[in-house]
Amino acid sequence: MFTITCANFLNDFQVGDFAIFSALGLSVEKGLVLFRDVFDHKGPLQFFIYAFAHYTGCFKLTIFLLEVIACTVDLFFTYKIVRLFRLSSWGCYLPIIVFLFLLYATAGGGGRPECYSLPLTFSLLYLVLKCVVEDQNLQLWQWFLVGMFIGIHFMLKANNAAITCGLIIAVCILSSNKITFLKVIKNSIAFFAGFVVLLIPFYVYFQRNESMQYFLDATFLHNLKYATDSYKNGASFWTQLFINTMPSLISFFILYKIYSKNNHKVVVIIFSVVLTGTLNMIIGRGFFYYYISYIPVIIMTVILCAIYFYRLNDRRVRVIFICLVGFSFINYAMSSVRLVPYTFCFNFYPQGHRLTRINEEQVKEASLLRKSVPAEDYRSFWSYDVHPQIYPLSGLVPSIRYCILQSFQSKWNDDIPKYISEQLRSNPPKWIAIPYSVKDGKVSIDVGHKELKQLLHTEYELYEVFPKGLRASLYRRKL
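(A) Structural context of the pairing of strand β5 (residues 460–466). The pairing of β5 with strand β6 (residues 472–477) spans six bridges and is antiparallel. Counterpart to Phe-466 in the pairing with β6 is Ala-472. Counted between consecutive antiparallel strands, the loop separating β5 from β6 contains five residues, among which Arg-471 sits at a positive phi close to 55°.

Right under this line is the structure:
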């Protein structure tokens, strides 16, 4: 039942990032080709998931059920990890409670690529810890699965693979003195076989639709520019860097202090995971849902700390540990529900749990928009800088590749303004929706693209405005 708060059926999945996922998923379901016909920089698997949800005809229910399945797998492997270390009853429940709380604070309603990646990270963490506890090595079929997991991470969102890569590095280090060179070759072949097998369907899809280059440009080149251009000044950079990397660094220093003399295997695992996780967050942004990937690291920290403090057999130390955990719970709970602007510690997860709902005005105006555009002109409709929800709410699909947040995405892609200009010259649309703007009591044209702005003044006429819900103005090309 707890998963209802993380994969909330009340979430409409039509605002914020969800609107982008939904818009491109709807486009794929209607027959458009990812990255060639419609563009975004997330991995293709995320959009295929939303396309499947649209295809079922029960969009919200499908996303909800997929997220519940993911949450259930997370909980299952959290429990399995706890049982590996044979904790006492209070020790068993603590990591599970921490997991549920962290997921509630960061999931943001579910439906994000980080949420779908989390079960893979948890399952691999279990395999690695099981090998450590039982002093075994990963089998060939397990290396094959690991390769597939990495492939899924990359097809969802490449930087989700950071923690998984850290676990792979830890396994390689720990088993380096146990296996022969021939075994290393076999494991490597199994790993890459799993990776390739997972990528084959995507390769076939992009090759058949002549969109491979578009895919690589979007998910690697554009993504790299987007991720590295996160901070505009030094102070902001260092502040955000500290906040981003603090969870993993704290985990490492605590566990290194505890286990450096007793169990070097634990130190190797923590160091590898923290290293890759920290590098991932250094070049990335600090959105609250990025911390979903950190949850397995924090769970492992809680479990190993619980073991350490339990074995001390000192009631005072246990009480201090429980108080620290309780303090963290209260702090993050107050931050996530915003009972106060900022709590004693950093506000890591502002409104992370917030539901995303559309209102009646948005639905009403989207329906009116669809009625305004004749059916024969559906493939001649543009939306420029209007919120992406205009597509899934109206049921219309984009007719240009760069179909959402054009000015925003142009910051990292110089091809977007050029592409818009070329399309305006060669195949101008009959209908264009732009952000609703009023100046001196009259609807005004306020777009950043100079050529588009000039054409709207000379060759288009205002047809309808949607000021309350969609916040858009609809222009029709003059007859």
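So that's the structure; there's more coming.
(B) Local environment of the packing of aromatic side chains. Enumeration over the complete set of coordinates arrives at 21 aromatic pairs. Aromatic pair Phe-35 and Phe-206: ring centres 5.8 Å apart, planes at 45°, arrangement tilted. In this pair, Phe-35 sits in the loop between α2 (16–29) and α3 (44–56) while Phe-206 sits in helix α9 (residues 181–208), placing the two residues 171 residues apart along the sequence. As far as the burial class goes, Phe-35 and Phe-206 line up, both buried.

(C) Main features of the pattern of salt bridges. Tallied over the full model, the rule gives seven salt bridges. For Asp-17, the salt bridge identified is with Arg-112, shortest N-O distance 3.8 Å. Of the two residues, Asp-17 is situated in helix α2 and Arg-112 in the loop between α5 (89–106) and α6 (113–134); the sequence distance between them amounts to 95 residues. Given the relative accessible area of 24%, Asp-17 is considered partly exposed.

(D) Focus on the pairing of strand β2 (residues 431–435). Of all five residues that make up β2, four are buried, and the element is covered over most of its length. Relative to β2, strand β1 (residues 381–383) runs parallel, the two being bridged by three bridges. When the bridges of β2 are listed, Phe-381 appears paired with Trp-431. Sheet topology note: the β2/β6 ladder contains five bridges and is antiparallel. Residue Ala-433 lies in a different strand from β6, and its bridge partner there is Leu-474.

Reading guide: rules and limits
- Residues numbered from 1 in each chain as written.
- Predicted model: local features only at pLDDT ≥ 70, side-chain atom pairs only at ≥ 80, totals over all residues.
- Heavy atoms only, no water.
- Pairing = 2+ DSSP bridges.
- Helix = DSSP H or I, 4+ residues; strand = E, 2+ residues; numbered from the N terminus.
- Phe/Tyr/Trp six-rings, centres within 6.5 Å; stacked < 30°, edge-to-face > 60°.
- Buried < 20%, exposed > 50% of the residue type's maximum accessible area, 1.4 Å probe, protein only.
- Salt bridge = Lys/Arg side-chain N within 4 Å of Asp/Glu carboxyl O.

Note that all results are geometric; they support no functional claim without further evidence.
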